[in-house]
Amino acid sequence: MPSIAMERLQTLEEVIASADAINHAIPNADEIAWAFLRLRRRGWLLIKDDSYGFTPKGRREIDSVVRGVTYHHSFEVLERWILNHPPPGEE
Amino acid sequence: MEKKMGTGRFSKVFDEFKRIPFPPSGGGNKDLEDAHASLILYDADTAGVVTSILDNPRPSEERIHQLIDLQADYGLEERLEKLIKAFPDSNIVGKLAREYMGYYYEIRKLLQAANSYLLSISVNVPDWRVIENYRDMADPIRPVLKSALAGEREVLPQKPFVEAWLGYALHCYGKTPDFGGSHRVG
């Protein structure tokens, strides 16, 4: 059974809190906007009112990127993958 | 630091909460009626999760996620704040809105007690008071993000790391990641 947190969209403050937990830093407005625009271009970003999450496609693709990778290394693996796979129109 | 509590004390807190009368409906105002309906749901969901936590000494991950999800209902809070601003307490709508807000904060106190209880039995629950501080950080970012997503604002290019960072933040929400670092990378 999928966990509730996987299904639920996040408010902006929750996104910031999560980003802080990952990198011990607060993303600024340009960083969030730029990242979200890129994620949307990939078809990964789901927006509903003021909440954000992944589309099923985004969830599927990111899961496949980090599959088999230990939790602590999955962020680095995702970063490498994103570097090598720019969003459509930026290749 | 939050004071920890055992099962007995948490159970007592819940008993005390259950003795607080649920505020009545009324006022003949649509927004107030909607807020009342939301408060009923919030109350019922909270009671369900707290009962379940008390019944199960080791609550499931799903139950903990439910508890986290319930920590605040900012939509309800905002609607009540608007009503309180619009109506004085001498008005029935203003009076009831204040009662609803009071009850809403009693629910949140109960949820904080649940967090404390879980911490006392070594279940890791993110401290929602910290999350609340992120609201202040999010407020100035929100309009920038909205206008950027609407294509009304140019956004400066960032390092690829930033996309991975925010993407991972969306991906791993609720999993309480801790990568052990003490400063920003990227």
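Right above here is the structure, for reference.
Rules behind the numbers
- Residues numbered from 1 in each chain as written.
- Chains lettered and ligands numbered in written order.
- Predicted model: local features only at pLDDT ≥ 70, side-chain atom pairs only at ≥ 80, totals over all residues.
- Helix = DSSP H or I, 4+ residues; strand = E, 2+ residues; numbered from the N terminus.
- Buried ≥ 20, exposed ≤ 12 C-beta atoms within 10 Å, placed from the backbone.
- Pairing = 2+ DSSP bridges.
- Contact = placed C-beta atoms within 7 Å.
- Core = buried A, V, L, I, M, F, W, Y, C linked by C-beta atoms within 7 Å.

Draft legend 1. Representation of the environment of N29(B) in the model. Residues and elements named next belong to chain B. Its location among the elements puts N29 in the loop between helix 1 (7–18) and helix 2 (30–55). The class of N29 is partly exposed, set by 19 C-beta atoms lying within 10 Å. Separated by 63 residues in the primary sequence, N29 and I92 have C-alpha atoms spaced 9.6 Å apart.

Draft legend 2. Highlighting the sheet that holds strand 2 (residues 45–48) of chain A. Residues and elements named next belong to chain A. Spatial ordering of the open sheet is given by 1-3-2, a layout of 3 strands whose pairing is antiparallel. Both outer strands of the open sheet, strand 1 (10–11) and strand 2, are each paired with one neighbouring strand and no more. Where strand 1 meets strand 3 (residues 51–54), 2 bridges bridge the pair, whose relative direction is antiparallel. By the bridge assignment for strand 3, T11 is matched with S51.

Draft legend 3. Structural view of the interface of chain B and chain A. Counting residues at the interface gives 45 residues for chain B and 42 residues for chain A. When contributions to the side of chain B that touches chain A are tallied by element, the ones reaching two or more residues are helix 3 (61–69), helix 6 (128–149) and helix 7 (160–171) of chain B.

Draft legend 4. Local environment of the nonpolar core. In this structure, F36(A), W165(B), L166(B), Y168(B) and A169(B) are the most contacted members of the largest nonpolar core, which totals 33 residues. For this core, the elements supplying multiple residues, two or more each, are helix 2 (12–23), helix 3 (29–41), strand 3 and helix 5 (74–84) of chain A together with helix 6 and helix 7 of chain B. Considering each element in turn, this core owes the most residues, 7 residues, to helix 7 of chain B. For F36(A), the residues in contact, after removing those within four places along its chain, are L45(A), L145(B), L149(B) and L166(B). Within the second largest apolar cluster, 25 residues are counted, among which are I68(B), L70(B), L110(B) and Y117(B).

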